[in-house]
Every structure is written in C-alpha cells, then in structure tokens.
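# Residue-level structure breakdown
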Amino acid sequence: MKVKLNRQEIRWIVYDIGNSAFILLVSTILPIYFNSLSSSQGVAQDNYLSYWSYATSISTLAVAVLGPILGTLADYKDQKKKIFLLSALCGALSLACFWIPSTWFSFLVLYIVAKICYSLSLIFYDSMLVDITTDERMDSVSSKGYAWGYIGSCIPFLISLIFVLMYESLGMSINTAMMIAFIINAVWWIVFTLPLAFHYKQKYYIEHQAHPVKDTFVRLYNTLKDARKQKKVFLFLLAFFFFIDGVYTIIDMATAYGTSLGLDTTGLLLALLVTQIVAFPASLIFALLSKKQDTGKLIKICIVAYFCIAVFAIQLDKQWEFWLLAVAVGCFQGGIQALSRSYFAKIIPDNTSGEFFGLFDICGKGASFLGTFLIGFITQLTGKQNLGVAAISIMFLIGLYIFHKVTKME
C-alpha cells in the first residue's frame, strides 16, 4: 500500500536536494576548473590527478577523525540541529568563495575545508533518519532522499553549465562564469538546508552531562567497545568500509579520471549529468523493491554491479565507454548508498545514532581516503591511471564476502 511522506520526511529529503548540488559540482566542473588552474601554473597532467586525489584524501581523513567526536556530541539533547546547521552553512559559504583563490594550492585548501564541512553535515543528517521516520519506512525514505537529491541537483548544475560552457557568448570571462556557478550552487545548498534546520526535532537523545567534552570521549570509547561486542554491527561496518570505497572513489574521481585520460570535458560533464538523471528513477525503483525484497539481497546486487563497473573502467579510453559507465553508475549509485544507510540505522541503538553514524562515516570516508589515495599514489608511481582503478575493484570483492557473512546472521 502506498504511504504518503509526512512533513518531517519531506524536509529531511529536501536537504538531500540541497547538498547534492555541491557533490555534483565536485564530481564534474570542479576537477576541470582545477586542472585548468593548475596547468596554467605549470603542474603536469599526472600530478594534477595526484594532487586532486590527495586533497580529497585529506578531507576524508579529517572527517574520519572529527566525525565520531562531533557525532557523539550531537547525541546530546538539542545539539544535533545546531551542529548540523553550522557544518552545512560553513560548507556552503566555502563553496561560494571558490572563485577567490588565485593559486592551485590555495584553491585545494579551500576545497578541503568545504569537503570536510559537507561530509560532517551528512553525518548528522544521516543520523536524523531515526528521528524522522520508522524502521518500516527507512528503506523507502532513505532511497527517496537520494533519488530527489540526484534529480534536484541537476537544476543548479544545468544553470551553472550554461555560464561555464557559453561564457564567451554571454560576454564574460571564464573566471566570472565560475564565480556565478559557485555562488548559485552555494545559495541552492543554503535554501534547501533551512526547512530541516528550522523544523527538525531530536526525538532520541542523551541528557547533558556535567563534563560534556570529557564524557564525549568516554562515550565514544565505550561505543567502539560496544561495536566490537555487537558482532553484526561490527562486521557490517567492516564490509561497508570495503564496498563503499569504490562508490565514493568513483563519485569523487570520475571527472578527474576522464580528464587525465584526455577525454572531451564537455562530454564528461554531460555524461555525469546523465548519471544524475538515471539515478533518480533507479533510486525510486530500489525504494519499491525494498518493500518486497530483502534489503541485504539488494545491497549484494549493487556490490556485484559496482565490481563489474570498476573492472570495465580499467580499460576505459573512449568517450562512449565513459557514457556507458555513467549510465551504469546511475543505475546502482542511489541504491547502494540509500540501502546501506537504512540497513545500518535499523541495527543500531536509536538514542546513540549520532555516535554510530560517526563510526559509519569513518568506514565510508576512511574507505574513500584509501581509494583516492591508491589512485593518486599508483598513478604517480607508474604513470598509469588504470592500475589505480584495478585496486578499487578488488575491494568490492572483499566487501561482498564480509557482507554475505553479515546477512547470514539475520
């Protein structure tokens, strides 16, 4: 039976529409802009990919350290919304300032700050899932969040693309066009943050302690011990670490990888736009399937599909192959992210969701750190980008093996 989304669920989903504009920009226009900036300052093509990979790795590593600490603090009464809003606004304001740095190094520093704030906001956002819906509706609501995020992010992206690709016809410089694009996406992010920030109510929480900072570290230590004792949670986090590696690495590195192979940049941007469009109905299909099929089974299907995608990417050297890859990613990207998020939310304690989603983010962002670092390091060491991608495909197999053990525990 079809059940309408309530207002809290809609406001929660709306934030996905806002923040997805940033990650789409990071996955498409931003690497091309950085390539142009770094090339004009004498950075070699192979080093461009490596530097971009290292910057992404630094941001994800920082979030892996900060995430559990801030996630634990967010579990205190009335704190989650405040920390969430602060991280989202700082990320959006950093994005609005992307046009200011004049050197490739200072641009990377600002990019790292924005990426950290964006990723931190998602920790609190994901942990809000237990407050805004029920266990029975989590798979569906989580999938719809990703679905509307994918299609909604296309609007500011298309507007930005008009300025970036047609700046000469519009009588402006590329720098002015990029400034407009950055500001448009920042405003979009802020506008779609406000409904959730104003109306979210923290249903599950921990009462304030006399020494919140000290108690936060004590609780975090206890949570780590509890995660080891809760074998299902621990094994899921371990499996998630491996299989989400490829997902986040592909999202972060797709345009940079294609650009380093010398593929047409306009074609790359349009192909990744197709990924977002395909991901919208695909995520909704996974939302429907989750009502009839076992969530664990659906996650396994997504992992196998991503393994095939990674293997295909090893030999990628033509534009049409990148387009095919973009469509394939769109089919499974939302499903694996949404179902993993809701699967985890259903096996953890509700009142410490911030803590556990902090650990969830360590595994997700920690894996992304490893993936982007491997691509950057192997590319710089061998001069062959394809070998870095090969390492990513192996991690999908490890993740599938461990996750299979998790599903056997149900």
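Look up a bit, the structure's there.
A brief look at the structure comes next. (Residues numbered from 1 in each chain as written. Predicted model: local features only at pLDDT ≥ 70, side-chain atom pairs only at ≥ 80, totals over all residues. Heavy atoms only, no water.)

### Some thoughts on the overall build of the protein chain
- Looking only at helices and strands, one finds 16 helices and 0 strands in the protein chain.
- The contacts in the protein chain between residues at least 6 apart in sequence include a share of 86% that link residues at least 24 apart. (Helix = DSSP H or I, 4+ residues; strand = E, 2+ residues; numbered from the N terminus. Contact = heavy atoms within 4.5 Å.)

### Considerations on the environment of Glu 9
- Mapped onto the elements of the fold, Glu 9 is located in helix 1 (residues 7-27).
- Here Glu 9 is in contact with Lys 4, Ile 132, Thr 133, Arg 137 and Val 141, once residues within four sequence places are set aside.

### Looking at the packing of helix 13 (residues 295-314) against helix 14 (residues 319-345)
- Contact pair helix 13 / helix 14: the axes reach a minimum separation of 9 Å and the direction vectors enclose 150°. One way to sum up the angle between helix 13 and helix 14 is to call them roughly antiparallel. Helix 13 and helix 14 meet at a crossing whose hand is left-handed. Only Glu 321, Leu 324, Leu 325, Ala 328, Val 329, Phe 332, Gln 333, Gly 335, Ile 336, Leu 339, Ser 340 and Tyr 343 of helix 14 make contact with helix 13, whose side of the interface consists of Thr 295, Gly 296, Leu 298, Ile 299, Ile 301, Cys 302, Ile 303, Ala 305, Tyr 306, Ile 309, Phe 312 and Ala 313.
- Across the contact of helix 13 with helix 14, the residue classes tally to 18 nonpolar, 5 polar and 1 charged. (Axes fitted to C-alpha atoms, helices over the stretch in contact; angles between N-to-C directions. Parallel < 35°, antiparallel > 145°, perpendicular 65-115°, else oblique. Left-handed = near helix turned anticlockwise from the far one by under 90°. Nonpolar A, V, L, I, M, F, W, Y, C, P; charged D, E, K, R; others polar.)

### Side note on the nonpolar core
- In terms of nonpolar packing, the biggest core is built from 110 residues, with Trp 12, Phe 98, Tyr 111, Phe 236, Phe 243, Phe 344 and Phe 403 touching the most fellow members.
- A total of 13 residues in this core trace back to one element, the largest contributor, which is helix 5 (residues 104-127).
- Beyond its immediate stretch of four places on either side in the chain, Phe 243 contacts Ile 299, Ile 303, Ile 336, Ser 340, Met 395, Phe 396, Gly 399 and Phe 403. (Core = buried A, V, L, I, M, F, W, Y, C linked by side-chain atoms within 4.5 Å. Buried < 20%, exposed > 50% of the residue type's maximum accessible area, 1.4 Å probe, protein only.)

### Looking at the packing of aromatic side chains
- With the rule as written, the count across this model stands at 29 aromatic pairs.
- When the centroid spacing of 4.4 Å and the interplanar angle of 15° are considered together, the rings of Trp 12 and Tyr 125 count as stacked. In this pair, Trp 12 is assigned in helix 1 and Tyr 125 in helix 5, connecting sequence segments 113 residues apart. The same class applies to Trp 12 as to Tyr 125, namely buried.
- A centroid spacing of 6.2 Å and a plane angle of 15° characterise the contact between Phe 34 and Phe 107, whose relative ring orientation is stacked. (Phe/Tyr/Trp six-rings, centres within 6.5 Å; stacked < 30°, edge-to-face > 60°.)

### Re the packing of helix 4 (residues 80-96) against helix 8 (residues 174-191)
- Across the interface, helix 4 lies against helix 8 with an axial gap of 8 Å and an inter-helix angle of 165°. Judged by the angle between their axes, helix 4 and helix 8 are roughly antiparallel. Our pair here, helix 4 against helix 8, has a crossing hand that is left-handed. Residues Ala 88, Leu 89, Gly 91, Ala 92, Leu 95 and Ala 96 of helix 4 lie in contact with helix 8, whose contacting residues are Phe 182, Ile 183, Asn 185, Ala 186, Trp 189 and Ile 190.
- Of the residues in the contact of helix 4 with helix 8, the class split is 10 nonpolar, 2 polar and no charged.

### With respect to helix 12 (residues 265-292)
- Here helix 12 is 28 residues long and its end C-alpha atoms lie 41 Å apart, about the 40 Å a rise of 1.5 Å per residue gives.
- At Ala 279, helix 12 is deflected by roughly 30°, the largest bend along its length, and proline Pro 281 occurs up to four residues later in sequence. (Expected span 1.5 Å × (residues − 1). Bend = angle between axes of the 7 residues up to and from the residue.)

### A closer look at helix 13
- Between its terminal C-alpha atoms helix 13 stretches 29 Å, which fits the 28 Å expected from 20 residues at 1.5 Å a residue.
- Listing the buried residues of helix 13 in full gives Thr 295, Gly 296, Leu 298, Ile 299, Cys 302, Ile 303, Ala 305, Tyr 306, Ile 309, Ala 310 and Ala 313.
- A distance of 3.2 Å separates the backbone nitrogen of Gly 296 from a side-chain oxygen at the start of helix 13, and that oxygen is part of Asp 294. (Polar contact = N/O pair within 3.5 Å; in protein donor to acceptor, adjacent residues only side chain to side chain.)

### Here's the deal with the state of the cysteines
- In this structure the tally under the stated criterion is 0 disulfides.
- Lacking any disulfide linkage, Cys 90 is separated from the closest cysteine sulfur, that of Cys 117, by 5.0 Å. (Disulfide = S-S within 2.5 Å.)

### Quick word on the side chain of Thr 193
- By the secondary structure assignment, Thr 193 is in the loop between helix 8 and helix 9 (194-199).
- In terms of polar contacts, Thr 193 uses its side chain to reach the backbone carbonyl oxygen of Trp 189, at 2.6 Å.

### Notes on the side chain of Thr 407
- Here Thr 407 shows up in helix 16 (residues 385-407).
- Of note is the side chain of Thr 407, whose polar atom sits 2.7 Å from the backbone oxygen of His 404.
- When sequence neighbours within four positions are dropped, the list of residues in contact with Thr 407 reads Gly 296, Lys 300 and Tyr 343.

### Quick notes on the pattern of salt bridges
- Applying the stated criterion across every chain yields a total of 5 salt bridges.
- A salt bridge links Arg 341 to Asp 16, with the shortest nitrogen-to-oxygen separation between them at 4.0 Å. On the criterion of sequence distance, the pair formed by Arg 341 in helix 14 and Asp 16 in helix 1 is long-range, its members being 325 residues apart. The exposure classification of Arg 341 matches that of Asp 16, with both residues buried.
- Between Asp 126 and Arg 341 there is a salt bridge, and its shortest N-O distance comes to 2.9 Å. A residue pair is termed long-range when its members are at least 10 positions apart, and Asp 126 in helix 5 and Arg 341 in helix 14 qualify at 215 residues. With respect to class, Asp 126 is no different from Arg 341; both count as buried. (Salt bridge = Lys/Arg side-chain N within 4 Å of Asp/Glu carboxyl O.)

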